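Descriptive analysis of the structure
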Amino acid sequence: MMGLKYTKQHYQNKINQLEIYAGTVTRHLDTLEGYEEEIKQFWDDAQGIEYAEKVSKAIMGCRNALDRIDGLRQIYSEAFGSLEKTDTAIEESLDTVGSVIDTLGISIK
(Lines give C-alpha, C1' and ligand atoms only; values in the text may rest on other atoms or scores of the structure.)
Protein backbone atom coordinates (compact mmCIF):
# COMPACT_ATOMS: atom_id res chain seq x y z
CA MET A 1 0.00 0.00 0.00
CA MET A 2 1.48 3.36 -0.99
CA GLY A 3 0.11 5.22 2.01
CA LEU A 4 2.29 3.40 4.51
CA LYS A 5 5.54 4.88 3.19
CA TYR A 6 4.83 8.26 4.78
CA THR A 7 3.23 9.61 7.92
CA LYS A 8 -0.11 11.37 8.08
CA GLN A 9 1.78 14.57 8.89
CA HIS A 10 3.73 14.26 5.63
CA TYR A 11 0.49 14.19 3.66
CA GLN A 12 -1.04 16.99 5.72
CA ASN A 13 2.03 19.15 5.04
CA LYS A 14 1.69 18.47 1.31
CA ILE A 15 -2.01 19.37 1.40
CA ASN A 16 -1.23 22.61 3.28
CA GLN A 17 1.48 23.53 0.76
CA LEU A 18 -0.88 22.87 -2.13
CA GLU A 19 -3.45 25.16 -0.53
CA ILE A 20 -0.81 27.91 -0.35
CA TYR A 21 0.03 27.35 -4.03
CA ALA A 22 -3.67 27.43 -4.95
CA GLY A 23 -4.04 30.75 -3.15
CA THR A 24 -1.06 32.23 -4.97
CA VAL A 25 -2.25 31.03 -8.38
CA THR A 26 -5.78 32.28 -7.65
CA ARG A 27 -4.42 35.75 -6.84
CA HIS A 28 -2.46 35.74 -10.10
CA LEU A 29 -5.56 34.61 -11.96
CA ASP A 30 -7.60 37.42 -10.45
CA THR A 31 -4.95 39.95 -11.45
CA LEU A 32 -4.78 38.62 -15.01
CA GLU A 33 -8.56 38.64 -15.36
CA GLY A 34 -8.50 42.27 -14.21
CA TYR A 35 -5.91 43.06 -16.88
CA GLU A 36 -8.05 41.30 -19.46
CA GLU A 37 -11.02 43.52 -18.60
CA GLU A 38 -8.88 46.66 -18.68
CA ILE A 39 -7.52 45.79 -22.11
CA LYS A 40 -11.05 45.42 -23.49
CA GLN A 41 -11.94 48.87 -22.20
CA PHE A 42 -9.11 50.97 -23.62
CA TRP A 43 -6.81 49.08 -25.97
CA ASP A 44 -8.08 47.98 -29.38
CA ASP A 45 -5.11 48.22 -31.73
CA ALA A 46 -2.89 45.35 -32.96
CA GLN A 47 -0.65 45.59 -29.91
CA GLY A 48 -3.67 45.41 -27.63
CA ILE A 49 -4.93 42.30 -29.40
CA GLU A 50 -1.52 40.65 -29.09
CA TYR A 51 -1.28 41.57 -25.41
CA ALA A 52 -4.83 40.30 -24.80
CA GLU A 53 -3.90 36.96 -26.39
CA LYS A 54 -0.88 36.66 -24.10
CA VAL A 55 -2.97 37.51 -21.06
CA SER A 56 -5.58 34.97 -22.18
CA LYS A 57 -2.89 32.26 -22.46
CA ALA A 58 -1.60 33.17 -19.00
CA ILE A 59 -5.16 32.91 -17.63
CA MET A 60 -5.52 29.47 -19.20
CA GLY A 61 -2.18 28.47 -17.67
CA CYS A 62 -3.38 29.56 -14.22
CA ARG A 63 -6.62 27.61 -14.61
CA ASN A 64 -4.69 24.52 -15.69
CA ALA A 65 -2.36 24.91 -12.72
CA LEU A 66 -5.36 25.13 -10.37
CA ASP A 67 -6.78 21.95 -11.90
CA ARG A 68 -3.47 20.14 -11.33
CA ILE A 69 -3.26 21.46 -7.76
CA ASP A 70 -6.80 20.25 -7.08
CA GLY A 71 -5.92 16.83 -8.50
CA LEU A 72 -2.84 16.53 -6.32
CA ARG A 73 -4.74 17.76 -3.28
CA GLN A 74 -7.31 15.03 -3.88
CA ILE A 75 -4.60 12.36 -4.16
CA TYR A 76 -2.95 13.49 -0.92
CA SER A 77 -6.32 13.76 0.85
CA GLU A 78 -7.19 10.21 -0.17
CA ALA A 79 -3.81 8.96 1.06
CA PHE A 80 -4.32 10.83 4.33
CA GLY A 81 -7.77 9.23 4.70
CA SER A 82 -6.32 5.79 3.97
CA LEU A 83 -3.72 6.25 6.68
CA GLU A 84 -6.38 7.27 9.18
CA LYS A 85 -8.40 4.15 8.31
CA THR A 86 -5.28 2.02 8.65
CA ASP A 87 -4.47 3.53 12.05
CA THR A 88 -8.03 2.85 13.22
CA ALA A 89 -7.91 -0.73 11.94
CA ILE A 90 -4.58 -1.35 13.69
CA GLU A 91 -5.88 0.06 16.98
CA GLU A 92 -9.01 -2.09 16.76
CA SER A 93 -6.91 -5.18 15.99
CA LEU A 94 -4.60 -4.50 18.91
CA ASP A 95 -7.59 -4.07 21.21
CA THR A 96 -9.01 -7.38 20.00
CA VAL A 97 -5.69 -9.15 20.49
CA GLY A 98 -5.41 -7.65 23.97
CA SER A 99 -8.88 -8.88 24.84
CA VAL A 100 -8.11 -12.39 23.59
CA ILE A 101 -4.88 -12.48 25.56
CA ASP A 102 -6.71 -11.32 28.70
CA THR A 103 -9.45 -13.91 28.16
CA LEU A 104 -6.88 -16.67 27.82
CA GLY A 105 -5.13 -15.50 30.96
CA ILE A 106 -1.80 -14.99 29.21
CA SER A 107 0.55 -12.58 30.91
CA ILE A 108 2.76 -10.45 28.69
CA LYS A 109 5.70 -8.68 30.24
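Up top you'll find the structure we're talking about.
The following refers to the structure shown.

Scoring rules and cut-offs
Residues numbered from 1 in each chain as written. Predicted model: local features only at pLDDT ≥ 70, side-chain atom pairs only at ≥ 80, totals over all residues. Heavy atoms only, no water. Core = buried A, V, L, I, M, F, W, Y, C linked by side-chain atoms within 4.5 Å. Buried < 20%, exposed > 50% of the residue type's maximum accessible area, 1.4 Å probe, protein only. Helix = DSSP H or I, 4+ residues; strand = E, 2+ residues; numbered from the N terminus. Contact = heavy atoms within 4.5 Å. Phe/Tyr/Trp six-rings, centres within 6.5 Å; stacked < 30°, edge-to-face > 60°. Salt bridge = Lys/Arg side-chain N within 4 Å of Asp/Glu carboxyl O.

Formed by L18, A22, V25, L29, L32, I39, V55, I59, C62, A65, L66 and I69, the largest nonpolar core amounts to twelve residues. The set of elements that each furnish at least two residues to this core consists of α1 (8–42) and α2 (46–104). If we ignore the near neighbours within four places in the chain, the residues touching I69 are L18, Y21, A22 and V25. Listed in part, the five residues of the second largest apolar core include Y11, I15, F80 and L83.

Turning our eyes to something else, we now look at the packing of aromatic side chains. In the structure shown here, the tally under the stated rule is three aromatic pairs. The interplanar angle of 5 degrees and the centroid separation of 6.4 Å between the aromatic rings of F42 and W43 together place this pair among those described as stacked. When the centroid spacing of 5.3 Å and the interplanar angle of 40 degrees are considered together, the rings of W43 and Y51 count as tilted. Residue classification places W43 among the partly exposed positions, given a relative accessible area of 28%. According to the relative accessible area criterion, Y51 is partly exposed, its value standing at 35%.

Moving on: the pattern of salt bridges. A full pass over the atoms with the stated rule returns four salt bridges. The salt bridge partner of E50 is K54, with a shortest N-O separation of 3.5 Å. Placement of the pair is E50 and K54 together in helix α2, with a separation of four residues, close to one helical turn. Take K54: its relative accessible area is 53%, and that puts it in the exposed class.

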